[in-house]
Every structure is written in structure tokens, then in C-alpha cells.
Amino acid sequence: MRKTPTEMAEVHNRLSRRSLLLGGTMLTFMAGLGFRMRHLQLDQADQYRLLAEENRINIRLIPPARGEVFDRNGVVLARNEPSYRVTLVPEDAGDVDKVIEKLATLIELDPNELDRAVTEMKRSPPFLPVTIADRISWDELSRIAVNTPALPGITPEVGLSRYYPLRGDLAHVLGYVGPVSDYDLSKIDNPDQLLRIPRFQIGKVGLEGRMEDELRGVAGTKRVEVNAVGRVMRELDRREGEQGDDVQLTIDQQLQSYTQARLNNESAAAVVMDCQTGDLLAIASAPSFDPNLFVEGISVAKYSALTNNEYRPLAAKSVQGTYPPGSTFKMITALAALEAGVVGYEDTVYCPGHMTVSNRRFHCWKRGGHGHMNLSQALRESCDVYFYDLALQVGIDKISEVAGKLGLGHKFDLPLSGVARGLNPSRDWKSTVRGADWVIGDTANASIGQGFVLASPLQLAVMTARLASGRALEPRLVKSINGVDQAPPPAEALDLSTTHLGEVRRGMYAVSNHRRGTAYSKRIIEDRFRMAGKTGTSQVRNITAAERARGVTRNEDLPWERRDHGLFVNYAPFDNPKIAVAVIVEHGGGSKAATPIGRDITLQALYGGTPPLTAYPTKDRDQIKTQQDELEKLIPGREITRRNRA
């Protein structure tokens, strides 16, 4: 049925309204979309351009060259040298096993290194390089470079690695570097991003560890273009980093190498200190080890050989080891008594070979006794009874005070691992730490450097240098950083009477130069280099009354670990002190083991090289000549020194 005109008009109006509504909706949507596109393309263009650029451009770190270490004369002690390695990119190699098999025909591959590389490949993206062989020779690198067309994915690379040319001569001073471990990172708050670079090396112990921040340097950067999966397409630009600071030590390499060689075959330590500046000229611990073994990771077998050695080659005995100082402590007891005014220079004490203190018999080392002894004589012949008597008069408080002034019980601030504080005991210490009262027997023991007293060879060297100079010298190890001198701290005069110090020095001179002195047989003959010293023997076992009755067992007849320690401290020349020396030989059987070592090191330091035989007693010269010839063969640093100075 046909619609009427009215009905047709109504339909038309209804369609027009719908069209307008639909058109308006679409127009509104298009307008919103256009506005959003304008906002993204114009208002936020910079932000999204930056995000896109960051997806395309990566900034990567370039490891800096580590600062090098030198001795006081410019001899290199720790340097960086080219390190050749081979890397493999798994996705470029295709058949990885086949490529490694071909590589093995050109160079010898370490199975352990290969196992590590395979593990690393499994957990890393296939486009990242993995080290297959490290620290290879130049010849091996050349063979690989020539054959690279047949080794897809293999790249020979050149980097820098730490090397210690003197090997064990300064191992306990320098320490060593090694790859960063998870344990290393756990000890650092907000670690430098450099430390996250695979196999990046940092200082682990010794100077390398303590001066890590100075030696490490500042990383460089490079901008590289990467694709969507992170693969490097090209390098855009590079900014080189800053090399770490070079460090010059106070150590004299030639003297250090000699000292290390002279301690050979002993479990021992020696420290040489400049009496005018406090400079440490030598710090040796024996036996030693080759720090180069640790740079890339030491094998289990080699590490076990070091840790199972009863002579403890990894221990820096010179600064970490603490020992009863024995009779080398007697100068402190003497000074304490003189300062307290309880004894005069010529006052004597009778020594029958023992003294009874609180119903306990304290023995002198000389079973029959020394007879009447004054201070100089007691130092000269090391009479124990004389010092028992002084100590009972002066008391532990004054002894402890003087010991502190001479450096005992003090932890010196040096860039070395585990510098020991030692133990300078007092009444308060025993009450606080041991929960017990100090008794008079403790004082008697302390007077001869036994009982609770403990000191390191470093502390004994400081003590001797302070006695010689009369000043509160502080030991110094770092001479300069990047050529800027690290001035030693001012050394004030000791708060001790110069007259009393002079009397103690005369007693020490008699030790080495009087016929009845305990070090007379190992004296220096050269008048201008006469030394003053003190021998020491410290017991590591108790001697029972029954053993004393039948005769004390000789050290030679005891197991090594039950023998007495041997000690010797000295300074020279007597009338113009230049150096102080402290030596300890663990379980050496007494001072006879340490005294000749101390004398020989002293002469080496004063002459600046091998001393003439005329400096030694006539009866010792044949033996000394043989010893000098043997030591020449044990000092690898001699030839290195000649090359550096040439």
C-alpha cells in the first residue's frame, strides 16, 4: 500500500536524524583520534624519540688500565701486560663442538676452562662471546689468527692482565688481583658497574685489595648500535677511561729480594725500617708464594699445597703474626724501671739462676745464674732474674705504659691485609677480657716478654726504631701516588728521658760488641756500621719441674712445632741510626737462628748491596762467601733490577 505524503515525510525526517547522529558520532571519534595523534607526534615526540633511540643505541663500559706499583727506586713491582685470549660466539660458530675440536689441534685447551666455557654458553645469549682459552702465548695467538677462516665464531683478542715480575718476593705486601666474585659484590654497597663486567679483576688482599679504589681507575664508555635482540651491529663512538693511580712504595726492591732469599727454608719474617723517616724498606715473610697463580684462578691442587704447608706460606707473618717477644721486650722493662726511679744504672741484682715469686719458681735461661748484674750487664747477657726483680718493683702499669709509647699493642694504619694489634697487657685488660685479677706472676712473665705479651715483627721494628731515634716514628709504606709525595707524619720526641734511652742503647750495644754479649759472635766488624741489638727466645711450651730436674730437652731433640721461637732486633749504625731490623724465626730453636739473619740484612741495607767479607768476623768469612754465592742464585730480582735501571 502506498504511503501518504505525510508518512513519507516522517520516514525521511527519522532517517535524517539517524544519519546526523551517526555522522556526529563518527566525527567526534575522528576528532579524538586526530587529537591523540597530534599529542603523540608533536607534544610527546621527544620522549618517544628518546625511547626509540635507547632501544637502538647501547652504552657499554670499557675497563680502565690498572695503576702500576713501583719500589722507591722506580723498579716495577706490579704491572699490566698483554693477555691473549680466545673467544667464541656460539651462533656464529654453528657446530660449536666441531669448532672447538679444530681449535684443539692448534693450541692445548684446558679441560677445566672448557667446562666453564660450556656452562657459560648455556646460560648466556648465543650472540655473546665466551672465553675458551685465556693467557695463551703470542705464538698460539698467531696460529689461531692465521686459521680464523676455518674457525667460524672464533676471535683472538688482546687485553691487559696483572703480572708480578718478582713473584714471591713481594707477595705478602702486594697481594694479588682476581676475577670479581659474588662474595666480593656482597661486601660492597652500590658496587661500581665495572665490577659486573665478566672476569673483571680487582684486588683481593694486600696492597692490591686495600688500595683498590686508587688502583682501579675510571671506566671509559662506548656507544654501540644494537638490533632488536641486542646484538651489536656497529660501534658509534668511544671515550677512553682513566688509568688507575700509579703507586710508589717505600720498599727497596733489591733489599726486599735479598731479605726474602735470606729467610729461605725457614718459617720466618723480617722487617727493615728507616730510623729517620719511618719508611719500611723491606717486609718479608717466608715461605712465600707466586701471586701470579691467583690472577686467573688457582687450581685446587696448588691451593691445597699452600694451605696444607705447616710453614703457612699464605700468612703475612711480618704484620699478621703475633708472638711472645721474649727477651727483646727487656728494654721496655728497663726503661719503665728507670722512668719510675726504682733502679739506678749501677744498682745490681744477684741472679742465682731463679727467683721465687708467690711460691712459684721463675727460672733464668742460665741454669747456674749470672751472679751480680747491673742494667747494662743484664741486657748484655739477657739475665731473666734481673728483669723479674725490676718488674716486681715497678709493676705492670708502668711497663704497659712504656710499651705503648714504643708501639706495642698499636695497630698501624698501613695498606696491608690483617695488620695485627698484638697485645700489650694490663690490669684492666685482664679484668675486662679474661674476667680475672692480675697477679704478680703475670708481671714476672711480662717482664721478659712472655705470658700475655704478643707483638708482630712490624711492631718490634717500630719499637727498635723508636729506641734508636728517640722519636715516635710511624711506619710508612706508600711513598707517592701518581707522583705526589705522601709525606710521613711528623714524629714527635718520645715522652721518655733521653738519658735513660741512652743507657738502654749502651746495653744494646754491648749485646753485639762485648765479648760476653749474647750476639757477639754475629757482630759487625766494620766500625762505621757497628750495630746495637737484642736477642730473644720465646717459649711455646711449658717446661715441667721434672724436666728441669733431669735437664731441659734440647730444641734439636724436639718436634719442630715445639721448639722455641728465635728473635733478634737491632739498629745501626750505633752512633747515627739509619735502619732498624726485626727478625723472627718460628720454632728456630732460639735466638741463634734469628741473629745472623738480622746481622746479614743490616749489612745488606747499609752497603746497598752485597757487603765485603771484611765486615764479618774472620772465622765466619768462608761460610759467608759460600752463603753469598748461594743467595745470588735465589734472588730473581737482581737481573730485573739491572734491566729496569739500565
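This text goes with the structure placed above it.
Below is a summary of the structure that appears in this document.

What counts and what doesn't
Residues numbered from 1 in each chain as written. Predicted model: local features only at pLDDT ≥ 70, side-chain atom pairs only at ≥ 80, totals over all residues. Heavy atoms only, no water. Helix = DSSP H or I, 4+ residues; strand = E, 2+ residues; numbered from the N terminus. Buried < 20%, exposed > 50% of the residue type's maximum accessible area, 1.4 Å probe, protein only. Contact = heavy atoms within 4.5 Å. Areas by Shrake-Rupley, 256 points an atom, 1.4 Å probe, with all protein chains shown as cover. Polar contact = N/O pair within 3.5 Å; in protein donor to acceptor, adjacent residues only side chain to side chain. Salt bridge = Lys/Arg side-chain N within 4 Å of Asp/Glu carboxyl O. Expected span 1.5 Å × (residues − 1). Arc of directions from axis to C-beta. Patch = residues over 30% accessible without salt bridge, like charges linked within 9 Å, V, L, I, M, F, W, Y side chains within 5 Å. Core = buried A, V, L, I, M, F, W, Y, C linked by side-chain atoms within 4.5 Å. Phe/Tyr/Trp six-rings, centres within 6.5 Å; stacked < 30°, edge-to-face > 60°. Lys NZ or Arg CZ within 6 Å of the ring centre and 35° of its normal. Pairing = 2+ DSSP bridges. Axes fitted to C-alpha atoms, helices over the stretch in contact; angles between N-to-C directions. Parallel < 35°, antiparallel > 145°, perpendicular 65-115°, else oblique. Left-handed = near helix turned anticlockwise from the far one by under 90°. Nonpolar A, V, L, I, M, F, W, Y, C, P; charged D, E, K, R; others polar.

Counting secondary structure elements, the chain contains 26 helices and 21 strands. Buried residues in the chain amount to 50% of all 646 residues. Expressed as a percentage of contacts within the chain between residues at least 6 apart in sequence, the contacts between residues at least 24 apart total 72%. Of the roughly 31300 Å² of accessible surface on the chain, 50% is carried by carbon and sulfur atoms.

Right, let's get into the environment of N555. Along the chain, N555 turns up in the loop between α23 (545-550) and β20 (565-572). Residues N555 and H587, 32 residues apart in the sequence, show an inter-C-alpha distance of 8.7 Å. Polar contacts involving the side chain of N555 include one to the main-chain carbonyl oxygen of G589, which spans 3.5 Å.

Taken as a whole and judged by the stated rule, the model has 27 salt bridges. The residue R312 makes a salt bridge to E586 at a minimum N-O spacing of 2.4 Å. Of this pair, R312 sits in the loop between α13 (300-307) and α14 (317-320) while E586 sits in the loop between β21 (579-585) and α24 (595-607); the two residues are 274 residues apart in sequence, bridging distant segments of the chain. The class for E586 is buried, based on a relative accessible area of 4%.

Tracing the backbone through its elements, the reader meets T259 in helix α11 (residues 253-262). A polar side-chain atom of T259 sits 2.8 Å from the main-chain carbonyl oxygen of L255. Excluding its chain neighbours within four sequence positions, the residues that come into contact with T259 are A270, A282, A284 and I601.

Moving on, we come to helix α5 (residues 111-123). Here α5 contains 13 residues, and its C-alpha end-to-end distance of 19 Å stays within 8% of the 18 Å for a straight helix at 1.5 Å per residue. All of the buried residues along α5 are E113, L114, A117, E120 and M121. Seen from one end, α5 has its buried residues packed into an arc of 125°, which puts them on one side. Along α5, the residues that are exposed and aim more than 90 degrees away from the buried face are P111, N112, D115, K122 and R123. Turning to α5, the residues buried within the fold contact β3 (76-88), α3 (90-93), α4 (96-104) and β4 (130-136).

A contiguous nonpolar surface patch, about 420 Å² in accessible area, is contributed by F29, M30, L33 and M37. Following the sequence through the fold, F29 ends up in helix α1 (residues 5-43).

Turning to the nonpolar core, a few remarks are in order. Counting 101 residues, the largest nonpolar core has L249, Y386 and L477 as its most contacted members. No other element matches the 8 residues that helix α21 (residues 457-469) contributes to this core. In this view, L249 contacts V69, F70, D71, R72, L77, V173, L174, L207, L477, V478 and K479; residues no more than four positions away in its chain are not counted. Core analysis: the next-biggest nonpolar cluster, separate from the first, contains 33 residues, A270, L281, F568 and I597 among them.

This next bit is on the environment of G244. Relative to the elements of secondary structure, G244 occurs in the loop between β9 (232-239) and β10 (247-249). If sequence neighbours within four positions are ignored, G244 has contacts with A65, R66, G67, E214, L215, R216 and G217.

The phi torsion of most residues other than glycine is negative, and most of the peptide bonds are trans. In this structure, the amide linkage connecting A286 to the following residue, P287, adopts the cis form with an omega of -5°. The linkage connecting A572 with the following residue, P573, adopts the cis geometry, with an omega of -15°. With respect to the secondary-structure elements, P573 resides in the loop between β20 and β21. For N265, which is not glycine, the phi torsion reads 70° and is therefore positive. Within the secondary structure layout, N265 lies in the loop between α11 and β11 (268-274). With phi around 50°, N482 is a residue other than glycine that occupies positive phi space. Of note, N482 is situated in the loop between β17 (478-481) and β18 (484-485).

Before going further, it helps to examine the packing of aromatic side chains. As enumerated under the stated definition, the model contains 13 aromatic pairs in all. An angle of 45° between the planes, with centres 4.6 Å apart, marks the rings of Y509 and F574 as tilted. One end of the pair, Y509, is in helix α22 (residues 498-513); the other, F574, is in the loop between β20 and β21, and 65 residues separate them in sequence. Judged by its relative accessible area of 27%, F574 falls in the partly exposed class. Site record: aromatic cluster; members linked through ring pairs are Y176, F289, F294 and Y303. The ring of F362 carries R360 above its face, with NZ or CZ at 4.4 Å from the centroid.

A few words now on the sheet that holds β20. As summarised here, the arrangement of the 5 strands in space is β12-β11-β21-β20-β19, forming an open sheet in which the pairing is antiparallel. Bordering the open sheet on either side are β12 (280-286) and β19 (532-538), each of which pairs with just one other strand. Shown here is a sheet whose adjacent strand axes are inclined to one another by a mean of 5°, direction ignored. Bridge count for β20 against β21 is 7 bridges, and the pairing is antiparallel. Each residue of the ladder has a partner; that of F568, found in β21, is V583. Where α24 meets the sheet, its contacts fall on β11, β19, β20 and β21, and the angle it forms with β21 comes to roughly 150°.

When two helices pack together, their arrangement is given by the angle between their axes and by how far apart the axes lie. Look at helix α15 (residues 330-340) against helix α17 (residues 384-394): their axes get within 9 Å of each other, and the N-to-C directions meet at 45°. In terms of their interaxial angle, α15 and α17 are classed as oblique. Between α15 and α17 lies a crossing whose hand is left-handed. Taken together, the residues of α17 that come into contact with α15 (itself represented by K330, T333, A334, A336, A337 and A340) are D384, F387, L390, A391 and V394. Grouping the constituent residues of the contact of α15 with α17 by class yields 8 nonpolar, 1 polar and 2 charged.

This part is about the side chain of D384. Position of D384 relative to the elements: it lies in helix α17. Looking at D384, the relative accessible area reads 8%, which means it is buried. Other than its neighbours up to four places away in sequence, D384 contacts S327, K330, H363, C364, W365 and I448.

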